[in-house]
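Okay, here's what each chain looks like letter by letter:
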Amino acid sequence: MKSLILKHAPQQSNDYDCGCFVVHFIELFATDPPDDFSSKAALDAKLSKSWFKESDISRKREVMRDKILKLRDRAERDVAGRDA
């Protein structure tokens, strides 16, 4: 099995957005993959530092936080409903 090493992929500029970068990268990769995995030039062009902006990660962090809070609230309602 060949490895895919991306030397020029977008990079985080802080110590806390690694998970957001990974999630965003995987979502983009799954919805719009490179056309040719055998061409290093095609991969480098598609998966470059300009593939997404750091501001996308700020929005991703907010979306993830909102989803987590909604799931927490739903779980709390479910538990309260069972205890009633």
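Only a predicted model underlies this, so the values are computations on that prediction, with no experimental measurement involved.

The next subject is the overall build of the chain. A count of helices and strands for the chain gives three helices and zero strands. The C-alpha radius of gyration computed for the chain amounts to 18 Å, which surpasses the reference 12 Å derived for 84 residues by more than 25%, pointing to a less compact arrangement than a globule. Principal-axis analysis of the C-alpha atoms gives the chain an extent of 60 × 30 × 20 Å. The buried share among the 84 residues of the chain stands at 20%. Sequence-distant contacts in the chain: of pairs separated by 6 or more residues, those separated by 24 or more amount to 67%. As displayed, the chain has an accessible area near 6700 Å², and 56% of this comes from carbon and sulfur atoms.

A word on helix 3 (residues 54-83). Taking 1.5 Å per residue, 30 residues should reach 44 Å; helix 3 reaches 44 Å between its end C-alpha atoms and fits that length. Those residues of helix 3 that fall on the buried side of the exposure criterion are D56, I57 and K60. Buried-residue contacts for helix 3 involve helix 1 (18-31).

Another aspect to go through is the layout of surface pockets. Estimated volume of the second largest pocket: approximately 170 Å³. Lining the second largest pocket, in full, are L6, A9, P10, Q11, Q12, C18, F21, V22, F25 and F52. Across the lining of the second largest pocket, the residue classes break down as eight nonpolar, two polar and no charged.

Cut-off values and rules
- Residues numbered from 1 in each chain as written.
- Predicted model: local features only at pLDDT ≥ 70, side-chain atom pairs only at ≥ 80, totals over all residues.
- Heavy atoms only, no water.
- Helix = DSSP H or I, 4+ residues; strand = E, 2+ residues; numbered from the N terminus.
- Rg over C-alpha atoms; globule rule 2.2 N^0.38 Å.
- Buried < 20%, exposed > 50% of the residue type's maximum accessible area, 1.4 Å probe, protein only.
- Contact = heavy atoms within 4.5 Å.
- Areas by Shrake-Rupley, 256 points an atom, 1.4 Å probe, with all protein chains shown as cover.
- Expected span 1.5 Å × (residues − 1).
- 1 Å grid on protein atoms, 1.4 Å probe; cavity = no way out; pocket = protein on both sides within 12 Å on 5 of 7 lines; lining within 4 Å.
- Points joined across faces, edges and corners; volume = space filled by probe spheres on them.
- Nonpolar A, V, L, I, M, F, W, Y, C, P; charged D, E, K, R; others polar.

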